[in-house]
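Summary of structural features
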Amino acid sequence: MSVSAVAADRSLCAPLPVLGRDVLVPLVTGGEVDYAALDYAASAPALQRVWDDVAAYAPYYGSVHRGAGYLSQLSTDLFENSRETIAEFLGCRAEDQVVFTRSTTDSLNLLAAVLPQGTRVFVFETEHHASLLPWEQRPDVAVTYLNAPRTPQQAVDTLEKALATREPYGPALVCVTGASNVTGELWPVQELAAAAHAHGARIVLDAAQLVPHHPVDLGELDVDWVAFSGHKLYAPFGAGVLAGRADWLRDAEPYLAGGGASRKVSRRTDGGVDVEWHTTAARHEAGSPNVIGVYAIASACQALTEAGFDGLVAREQELIARLRSGLAEVPEVTVLSLFGEDAARVGVLSFVVEGWNSSHFAAALSAEYGIGVRDGLFCAHPLVRTLLGSEPQDPGECGAPDAAPGEKSLNAIRVSLGVGTPDEHVDRFVRAVTELVTQGARWNYRTEAGRCVPA
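The residue numbering used here restarts from 1 in each chain and proceeds along that chain's sequence as written. The predicted nature of this model means local features are confined to residues of pLDDT at least 70 and side-chain atom pairs, given and counted, to a pLDDT of 80 or more, with totals for whole chains, interfaces and linings taken over all residues. With hydrogens and water stripped out, all remaining heavy atoms of the structure feed into the side-chain values.

**Quick word on the overall build of the protein**
Starting at the N terminus, helices and strands are each numbered in turn, a helix being any DSSP run of H or I of at least four residues and a strand any DSSP run of E of at least two. Counting its secondary structure elements, the protein contains 14 helices and 19 strands. With respect to the three principal axes, the spread of C-alpha positions in the protein is 80 × 55 × 40 Å. Burial classes follow relative accessibility: with a 1.4 Å probe on protein chains only, a residue under 20% of its type's maximum area counts as buried, one over 50% as exposed, and anything between as partly exposed. Here the protein holds 455 residues, and 53% of them are scored as buried. Partitioning the contacts of the protein with sequence separation of at least 6, the portion at a separation of at least 24 is 71%. Every accessible area reported is derived by Shrake-Rupley at a probe size of 1.4 Å, with residue values counting cover from the shown protein chains alone. A total of about 19500 Å² of accessible surface is found on the protein, and carbon and sulfur atoms cover 51% of it. The protein carries 34 positive and 56 negative side-chain charges, and their two centres are separated by 5 Å. Residue contacts follow a heavy-atom distance rule, with two residues in contact if any of their heavy atoms lie within 4.5 Å. We score Asp and Glu as negative and Lys and Arg as positive, and we do not count His or the chain ends. Think of each charge as sitting on NZ of Lys, CZ of Arg, CG of Asp or CD of Glu.

The following block contains the structure:
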């Protein structure tokens, strides 16, 4: 094989194979190209390893817990062994619980539901809606929204000031992201955890964008809980995790009432029922569990651990540098950032292009280059508005353009990558951005059902 062939072959490779890596998509200009999935921050493609593990288990699928049959026993063991695998992956402490949910959003809504009465919650306006919104569902919980910091230290200082002056002094919870789903920037989690604990508060880490890119260790970070989704972690099967301290989970009413959460149910003489609830993670896992989704997460955890995060992180940083260097060569492109160019980040980056509606630009990337990205406000409306310097009342809606192609709009474009991203996809993306800015789109586009599509 020639040197050029070796180089070309390497450009198609990625550390861990994912599904969809050989899918061809049509171009409006003619022909086909392999699909460049650069929307990992929304849903990462499933690892081939995960798919193979799930397929191998599928013939043995059975009901989980209490089943006497062989397949039920096997499925129960698989389910609980997956819990142990995930606990080890997260560096859970001996007394921590791993509760299975549907997603990060579900996990944080579960935590909101078990907060002690009168808890004060502190959350930065920069959070994803999954960690920004659940707390106000509790009328007996007070929420303090903190302004967007412009440096990691300012984030710590802002939190410390808010916690030190809180009244009344009682149970408190801080909710913070590990890596922004808009800018990809890493937040000072350890420092924020130290500040929270110094002021008698607890802290929950939204690790949806962190756990696919970096090791997350509850003990090392000293956070009380961590929440994430399987579909961000290369296991898109509708399962999520809330892991951490057991006491608030154990003391609260079950998140859902039903079978599996209850240990004993008996009739009372007055016609009602008495219920004795589980005190383990089962307390908040009512109903038949998503054993396949849970096993898929555990499989992904094992695959990432075996591959080695050091090498995965190093390669991702190379791709990020390549991406940022390419975009820096296009003056019309402005990359969005809270903490500045030198901030540590994962493989998530958002930007706007002068003279382009973001939805129009994203549509052209897809239709003319076979590249999938995200445009809009990324379910982080306050953050994107802040980064774009807009007023709170300015129009703009997540995922829907509010202006015609070529007109300015209040949304941005997000590109995100991961362990399945080959070098060629990043290179194609940079080339496509450059060509669209310098030469314009080669096709006409129109707005249909809230999306910009080829005419």
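**What about the sheet that holds strand β16 (residues 374–376)?**
Being paired, for any two strands, means DSSP has found at least two bridges between them. Within the open sheet, the four strands sit side by side as β13-β14-β17-β16. Their pairing is antiparallel. At either margin of the open sheet sits one strand with a lone partner, and together these are β13 (333–335) and β16. On average, each strand axis in the sheet is inclined to that of its neighbour by 30°, with strand direction left out of account. Every angle, taken between N-to-C directions, lies between 0 and 180 degrees, and every axis is a line fitted to C-alpha atoms, over only the stretch in contact when it is a helix.

**What about the sheet that holds strand β6 (residues 142–146)?**
Reading across the sheet, the seven strands line up as β4-β10-β9-β8-β7-β5-β6 and stay open at both edges, with mixed pairing between neighbours. Each edge of the sheet is formed by a strand with only one pairing partner; in this case those strands are β4 (97–101) and β6. If you compare each strand with its neighbour and ignore which way they point, the axes differ by 20° on average. Both β4 and strand β10 (residues 240–244) contribute to a ladder of five bridges, which runs antiparallel. If you follow Phe100 over to β10, its bridge partner there is Val241.

**Re the pattern of salt bridges**
Any Lys or Arg side-chain nitrogen located within 4 Å of an Asp or Glu carboxyl oxygen qualifies as a salt bridge. A complete count under the given rule lists 23 salt bridges for this structure. Residue Arg245 is joined to Asp247 by a salt bridge in which the shortest nitrogen-to-oxygen separation is 3.4 Å. Since its relative accessible area comes to 29%, Arg245 is described here as partly exposed. Overall, the relative accessible area of 18% leaves Asp247 in the buried class. Connected through salt bridges with shared partners, the residues Arg202, Asp224, Arg245 and Asp247 form a single ionic network.

**So, the nonpolar core**
Here, nonpolar core means buried Ala, Val, Leu, Ile, Met, Phe, Trp, Tyr and Cys residues that are tied together by side-chain atoms lying within 4.5 Å of each other. Formed by 84 residues in total, the largest nonpolar core has its most connected members in Ile86 and Leu90. Top element by residues in this core is helix α10 (residues 291–307). It accounts for 10 residues. In this view, Ile86 contacts Val98, Phe100, Phe228, Val241, Val294, Ile297, Ala298 and Cys301; residues no more than four positions away in its chain are not counted. Grouped together as the second largest cluster of nonpolar side chains are 32 residues, Ala364, Tyr369, Val426 and Val430 included.

**Some words on the side chain of Ser299**
Relative to the helices and strands, Ser299 resides in helix α10. Beyond its immediate stretch of four places on either side in the chain, Ser299 contacts Arg49, Val50 and Asp53.

**Some details on the confidence of the model for the protein**
Averaged over all residues, the pLDDT of the protein equals 92, while 93% of them reach at least 70. pLDDT expresses, on a scale from 0 to 100, how confident the predictor is about each individual residue. Of the regions scoring below 50 in pLDDT, residues 1–11 engages in five contacts with residues more than four places distant in sequence or in other chains.

**Focus on the packing of helix α6 (residues 152–164) against helix α7 (residues 189–198)**
Relative orientation of the contacting elements α6 and α7 amounts to 15°, with a least axis distance of 9 Å. The angle between the axes of α6 and α7 places the two elements in the roughly parallel class. Of the two elements, α6 crosses α7, and the hand of that crossing is right-handed. Counted together, Ala155, Val156, Leu159, Glu160 and Leu163 of α6 and Glu191, Leu192, Ala195 and Ala196 of α7 form the full contact between these two elements. Amino acids outside the nonpolar list (Ala, Val, Leu, Ile, Met, Phe, Trp, Tyr, Cys, Pro) and the charged list (Asp, Glu, Lys, Arg) are all regarded as polar, and Gly is one of them. Classifying every residue of the contact of α6 with α7 by side-chain character gives seven nonpolar, no polar and two charged. Angle categories: roughly parallel below 35 degrees, roughly antiparallel above 145, roughly perpendicular from 65 to 115, and oblique for all the rest. A crossing counts as left-handed when the near helix is turned anticlockwise from the far one by less than a right angle, and as right-handed when that turn is clockwise.

**Things to note about a nonpolar patch on the surface**
A surface patch of nonpolar side chains, about 340 Å² in accessible area, is lined by Tyr60, Tyr70 and Leu71. Accessibility expressed as a relative area gives 61% for Tyr70, which makes it exposed. Surface patches are drawn from residues lacking salt bridges whose relative accessible area is over 30%; two like charges belong together within 9 Å, two nonpolar side chains (Val, Leu, Ile, Met, Phe, Trp, Tyr) within 5 Å.

**Some details on the state of the cysteines**
The disulfide definition used here is simple: a pair of cysteine sulfur atoms within 2.5 Å. On inspection of all chains with the given rule, the structure shows zero disulfides. Of all cysteine sulfurs in the structure, the one in Cys301 sits closest to Cys92, which takes part in no disulfide; the separation is 10 Å.

**Considerations on the packing of aromatic side chains**
A pair of Phe, Tyr and Trp rings is counted when the ring centres sit within 6.5 Å of each other, with Trp represented by its six-membered ring. The angle between the planes then sorts it: under 30 degrees is stacked, over 60 is edge-to-face, the rest tilted. For the structure shown, the criterion picks out 12 aromatic pairs. Ring geometry for Trp51 and Phe237: centres 6.1 Å apart, planes at 25°, overall stacked. Taken as a pair, Trp51 in helix α2 (residues 48–57) and Phe237 in the loop between β9 (225–229) and β10 lie far apart in primary sequence, 186 residues in all. Classification of Trp51 as partly exposed rests on a relative accessible area of 42%. Here Phe237 falls in the partly exposed class, since its relative accessible area comes to 21%. By way of ring pairs, the aromatic residues Phe351, Trp356, Phe361 and Phe429 are connected into one cluster. Geometrically, a lysine NZ or arginine CZ counts as sitting over a ring once it is within 6 Å of the ring centre and also within 35 degrees of the ring normal. Arg442 extends its terminal NZ or CZ atom over the ring of Tyr369, reaching a point 5.1 Å from the ring centre.

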